[in-house]
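Results of the structural survey
Each chain, written out:
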Amino acid sequence: MARQIIISDDNVSDSNEIKRLLSGFGADIIQTLRICSAKELLTKFKTGDIVICDFKLADGNAVELMEWLDHKNIGCNVFVITDVETVADAVTSFRPGAKDYINKRLIRELLIPKIKTLIGRDDDDNFQLLFSRKSDGYLRAYSAAHVVAPTNLNVMIIGESGVGKEPLAHEIYDMSQQCDRPCVLMDCGTLHYLALNNNTKQQPTLLDAVASQFRKAQGSTVILDNIQQLSTDMQSIMLHVIANCKQPPRIIATASPDISEMVIEGGFLSALFYKIKEFTIALPPLRDCQDDIMLLADFYLRHYNQEFHKQVKRFDASAQKEMRVHSWSGNIRELKHVVRVAVLKSRGEIITSKELDFDTPNTGAHIQFKLKKDDEKSKITSAIVHANGNLTQAANLLGISLRTLLVKRKKYGLK
Ligand SMILES: Nc1ncnc2c1ncn2[C@@H]1O[C@H](COP(=O)(O)OP(=O)(O)OP(=O)(O)O)[C@@H](O)[C@H]1O
């Protein structure tokens, strides 16, 4: 029988958010607004079931609830959540046996993984450890995702590599009406590879493969990751499959910022582009989400402490300064890597700027490299020089895909 979880919180949006985050775990989730209704349900609970209770509700608080559970001998796991950070509350709730006391800001990174472990979903590869970002730039994109999620519109999420487009695509699906039906993820880089190694005999096979993925997602969702990587052949196949699908699934696609330019230059089929781009969400680069940088760095510091059995406590002022001014061309992926290596290298409890090995050069003003038609050639040349000839890094600096850089380099006869 599935594990039961009660979420007892009179803040409906917090309660819904927790329910959403727990929705894929196979547990029965019940929401209550009051302690008295939680108590009624809890009499049918068994050992191992879970209660997530806000510290203070209109008709009582979590401490009273735990005392009552104790008295009735109901042995379930209680997690107390609160948005008030007072040590006194925490101490009081631990005394009668709260499994954990968690600040509401840390629901995603602390509460959800703990519950996942409790109900034995640690082996779930689809579950990604994510941090609830707080910057205005991210929240704007997130609120657009929130608006479009319950509709049936196809969505295109545009952003540089490593900004977290794929998790946002999954969030839209999680918040959609189809979230209880299967979601099919197609990595367009792999499809591109298949098309490259394609010969005429395989053409129907490729078409069948794509069509069968779309059939699996009928009435639900297909996530097309990095559509700019689709070869022209694959774009035609995709368009054909979408046009001939009896019950076309909703498409959520991710793409790099140069996709519009690819359409103008004929590298991407405009029919497919506009079919998918019914609603667009621009996910800003990490350097434009300043408020997320140190929060994400701290999040990964805790994460890698666990991986390497370290006890690093924080980044010192020099490290924080460098992280704030760095241009993070590789975005969150780069930050994650930098923090991982820094935690591994650190000998004490504090990470200094000496332990930070950035993967990409700091451009200072990344914007300088953004391409405009009139000085495209010189910008490409400087970006390649700046990146010491590393074309992937140069493409990141320019905010375009490697494929587009290769095309442009050829166009201008650059070495
Ligand atoms: N909110 C988050 N909290 C923690 N880590 C995150 C968050 N969002 C993204 N990441 C991490 O950042 C890395 C890059 O994310 P992701 O691959 O989704 O980016 P992307 O924009 O889809 O990149 P690409 O275009 O290269 O595929 C991943 O390792 C992911 O786990």
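Residues numbered from 1 in each chain as written. Predicted model: local features only at pLDDT ≥ 70, side-chain atom pairs only at ≥ 80, totals over all residues.

An unreviewed UniProt entry lists the protein under the name Sigma-54-dependent Fis family transcriptional regulator, with Duncaniella dubosii as the source organism.

Further remarks concern the overall build of the protein. Secondary structure summary: the protein contains 18 helices and 14 strands in total. Counting over 415 residues, the protein shows a buried share of 38%. Long-range contacts, defined as pairs at least 24 residues apart, comprise 75% of the intrachain contacts of the protein with a sequence gap of at least 6. (Helix = DSSP H or I, 4+ residues; strand = E, 2+ residues; numbered from the N terminus. Buried ≥ 20, exposed ≤ 12 C-beta atoms within 10 Å, placed from the backbone. Contact = placed C-beta atoms within 7 Å.)

Taken together, 17 residues form the shell around the ligand, and within it S161, G164, K165, E166 and I332 come nearest. Among the secondary structure elements, those contributing two or more residues to the shell around the ligand are α7 (165-174) and α15 (331-345). Class assignment of the residues belonging to the shell around the ligand gives a composition of five nonpolar, seven polar and five charged. Built from parts of two domains, the shell around the ligand gets at least three residues from each of domain 2 (136-282) and domain 3 (286-355). (Near = placed C-beta within 6 Å. Nonpolar A, V, L, I, M, F, W, Y, C, P; charged D, E, K, R; others polar. Domains from an automatic or database assignment.)

Let us now look at the UniProt feature "modified residue: 4-aspartylphosphate" (unreviewed entry) in the protein. Per the UniProt annotation, the sites labelled "modified residue: 4-aspartylphosphate" (unreviewed entry) are D54. With respect to the element layout, D54 can be found in strand β3 (residues 50-54). Judged by local crowding, D54 falls into the buried class, with 21 C-beta atoms found within 10 Å. Among residues more than four places away in sequence, those in contact with D54 are S8, D9, D10, N11, I81 and T82. (UniProt positions renumbered as here; feature names shortened; annotations may be inferred.)

Attention now goes to the packing of helix α1 (residues 12-22) against helix α5 (residues 107-118). Remark: α1 packs on α5, axes separated minimally by 11 Å, with the N-to-C direction vectors making an angle of 50°. Of the possible angle classes, the one that applies to α1 and α5 is oblique. Considering the relative orientation of α1 and α5, their crossing is right-handed. Residues I18, L21 and L22 of α1 form the contact with α5, whose own contacting residues are I107, R108, I112 and I115. (Axes fitted to C-alpha atoms, helices over the stretch in contact; angles between N-to-C directions. Parallel < 35°, antiparallel > 145°, perpendicular 65-115°, else oblique. Left-handed = near helix turned anticlockwise from the far one by under 90°.)

What follows deals with the environment of S220. In this fold, S220 is placed in the loop between α9 (203-216) and β10 (221-225). Through-space distance from the C-alpha of S220 to that of C179 is 7.7 Å; in sequence the pair is 41 residues apart.

One open sheet holds the five strands; their spatial order is β9-β10-β11-β8-β12, and the pairing between them is parallel. Looking at which strands have only one partner, the edges of the open sheet turn out to be β9 (183-187) and β12 (279-282). Direction aside, the axes of adjacent strands within the sheet are offset by 15° on average. Where strand β8 (residues 155-158) meets β12, four bridges bridge the pair, whose relative direction is parallel. The residue bridging I158 from the neighbouring strand is A282, located in β12. Along the sheet, helix α6 (residues 136-148) contacts β8 and β12; its crossing angle with β12, the most-contacted strand, is approximately 160°. This element, α7, spans β8, β9, β10 and β11 (250-255) of the sheet and lies at about 165° to β11. (Pairing = 2+ DSSP bridges.)

Let us look at helix α18 (residues 402-411). Turning to α18, its buried residues are T404, L405 and K408. Mapping the buried residues of α18 onto a view down its axis gives an arc of 100°, with all of them on the same face. Those residues of α18 that are exposed and angled more than 90 degrees off the buried face are L406 and K410. Of the surrounding elements, those touching the buried residues of α18 are α11 (259-264), α16 (376-386) and α17 (391-398). Positive backbone phi, at 60°, marks G413, one or two positions downstream of α18. (Arc of directions from axis to C-beta.)

Here we come to the environment of T352. Summarising the element assignment, T352 is placed in the loop between β14 (350-351) and α16. By C-beta crowding, T352 is classed as partly exposed, having 15 other C-beta atoms within 10 Å. Considering only alpha carbons, one finds T352 and R314, 38 residues apart in sequence, at a separation of 9.0 Å. Contact partners of T352, with chain neighbours within four places excluded, come to D316, S318 and A319.

On to the confidence of the model for the protein, then. Residues at a pLDDT of 70 or more form 86% of the protein, whose mean pLDDT is 82. For the protein, per-element mean pLDDT is lowest for helix α4 (residues 87-94), which scores 49, and highest for β8, which scores 97. Here residues 121-127 is a poorly scored stretch, pLDDT under 50, and it has six contacts once near neighbours within four places are set aside; other chains count. Segment residues 365-369: pLDDT under 50, and ten contacts once partners within four positions in sequence are set aside and those in other chains are kept. The ipTM for the predicted assembly is 0.98, set against a pTM of 0.64. (pLDDT = per-residue confidence, 0-100.)

Before going further, it helps to spend a moment on unusual backbone geometry. Apart from glycine, the bulk of residues carry a negative phi angle, and the bulk of peptide bonds sit in the trans form. The backbone of H309 shows a phi angle near 50°, a positive value even though the residue is not glycine. Within the secondary structure layout, H309 lies in the loop between α13 (290-308) and β13 (314-315). Looking at H309, the number of C-beta atoms within 10 Å reads 6, which means it is exposed.

Judged by which residues are buried, β8 turns out to be covered on both faces: V155 and I157 on one side and M156 and I158 on the other are all buried. Here four bridges tie β8 to β11, and the two strands are oriented parallel to one another. Across the sheet, residue I157 finds its bridge partner in β11, namely T254.

This part covers the packing of helix α2 (residues 35-42) against helix α3 (residues 62-72). Running from amino to carboxyl end, α2 crosses α3 at an angle of 25°, the nearest separation of the two axes being 11 Å. Of the possible angle classes, the one that applies to α2 and α3 is roughly parallel. Between α2 and α3 lies a crossing whose hand is right-handed. Residues I35, A38, K39 and L42 of α2 form the contact with α3, whose own contacting residues are E64, L65, W68 and L69. For the contact of α2 with α3, the per-class residue count stands at six nonpolar, no polar and two charged.

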